[in-house]
Amino acid sequence: IDGKPNAGVFEVTHTSGKKWTTTVTADGKLSMVADGKTLPGTWTSTGPGNFCETIEGKTSCFKEEMIDGVYSSTNEADPKDTSTIKRIE
């Protein structure tokens, strides 16, 4: 959504204040690092603005958008579950 490939390293800040880092690879794998714990997973996308992740057997899909330079992600199943995203690599 930021005009770059999906693959990269991202700092995610949830509206609750919790932060984590997610590494997304071009081959459909990802890993989240939060509170010193690494969670491996996979990801898919049906196109710009859509990102689905499967971690520990649970799949969540997100609507991603860039508004006024702010990259945000909203859980499609729970619109209150939102985060801002910053590409760090």
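Engineer: Looking at this structure, how should I read the overall build of the chain?
Structural biologist: In terms of helices and strands, the chain carries zero helices and eight strands. Each helix (α) and strand (β) of the chain, taken in turn from the N terminus, gives the series β-β-β-β-β-β-β-β. Compactness check: the chain gives a C-alpha radius of gyration of 12 Å against a globular reference of 12 Å for 89 residues, within 12% of the reference. Put simply, the chain has 89 residues, and 35% of those count as buried. Sequence-distant contacts in the chain: of pairs separated by 6 or more residues, those separated by 24 or more amount to 26%. Carbon and sulfur atoms form 54% of the exposed surface of the chain, whose accessible area is close to 5500 Å². Charged side chains in the chain number 10 positive and 13 negative. The centres of these two groups are separated by 3 Å.

Engineer: What am I meant to see in the nonpolar core here?
Structural biologist: One broad trend across soluble globular proteins is that nonpolar side chains are buried collectively. V24 and L30 are the most contacted members of the largest nonpolar core, which totals 13 residues. Put simply, the parts of the chain that give this core at least two residues each are β1 (8-14), β2 (19-24), β3 (29-34), β4 (37-44) and β5 (50-55). Residue contributions to this core peak at three residues, all from β3.

Engineer: Explanation requested: the pattern of salt bridges in the structure shown.
Structural biologist: Pairing is possible between side chains of opposite charge, provided their charged atoms come close. Applying the stated rule across the entire model yields three salt bridges. Of the charged contacts, one joins D2 and R87 as a salt bridge, the two residues approaching to 2.7 Å between their closest N and O atoms. Of this pair, D2 sits in the segment before β1 while R87 sits in strand β8 (residues 82-87), and the two are 85 residues apart along the sequence. In this structure, E65 and K63 form a salt bridge, with 4.0 Å as the shortest nitrogen-oxygen distance. On the accessibility criterion, E65 (27% relative accessible area) is partly exposed. With a relative accessible area of 45%, K63 lands in the partly exposed category.

Engineer: Just checking my understanding: could you explain the environment of G28 for this structure?
Structural biologist: If you trace the backbone, G28 turns up in the loop between β2 and β3. Spatially, the C-alpha atoms of G28 and N6 are 9.6 Å apart, while their sequence positions differ by 22 residues. Filtering out sequence-adjacent residues up to four positions away, G28 remains in contact with G41, T42 and W43.

Engineer: Hey, could you run me through the pairing of β5 in this one?
Structural biologist: Moving residue by residue along a regular strand, the side chains alternate between the two faces of the sheet. The element β5 is extensively covered by neighbouring structure, given that five of its six residues are classed as buried. The turn linking β4 back onto β5 is made up of five residues, and G47 within it adopts a positive phi angle of 150°. Bridge count between β5 and strand β6 (residues 58-67): six bridges; the pairing is antiparallel. Note on β6: the bridge partner recorded for T54 is T59. The loop that links β5 with its antiparallel partner β6 comprises two residues; one of these, E56, has a positive phi angle of about 50°.

Rules of the game
Residues numbered from 1 in each chain as written. Predicted model: local features only at pLDDT ≥ 70, side-chain atom pairs only at ≥ 80, totals over all residues. Heavy atoms only, no water. Helix = DSSP H or I, 4+ residues; strand = E, 2+ residues; numbered from the N terminus. Rg over C-alpha atoms; globule rule 2.2 N^0.38 Å. Buried < 20%, exposed > 50% of the residue type's maximum accessible area, 1.4 Å probe, protein only. Contact = heavy atoms within 4.5 Å. Areas by Shrake-Rupley, 256 points an atom, 1.4 Å probe, with all protein chains shown as cover. Lys, Arg positive; Asp, Glu negative; His and termini not counted. Charge placed at Lys NZ, Arg CZ, Asp CG, Glu CD. Core = buried A, V, L, I, M, F, W, Y, C linked by side-chain atoms within 4.5 Å. Salt bridge = Lys/Arg side-chain N within 4 Å of Asp/Glu carboxyl O. Pairing = 2+ DSSP bridges.

Keep in mind these values describe shape, not function.
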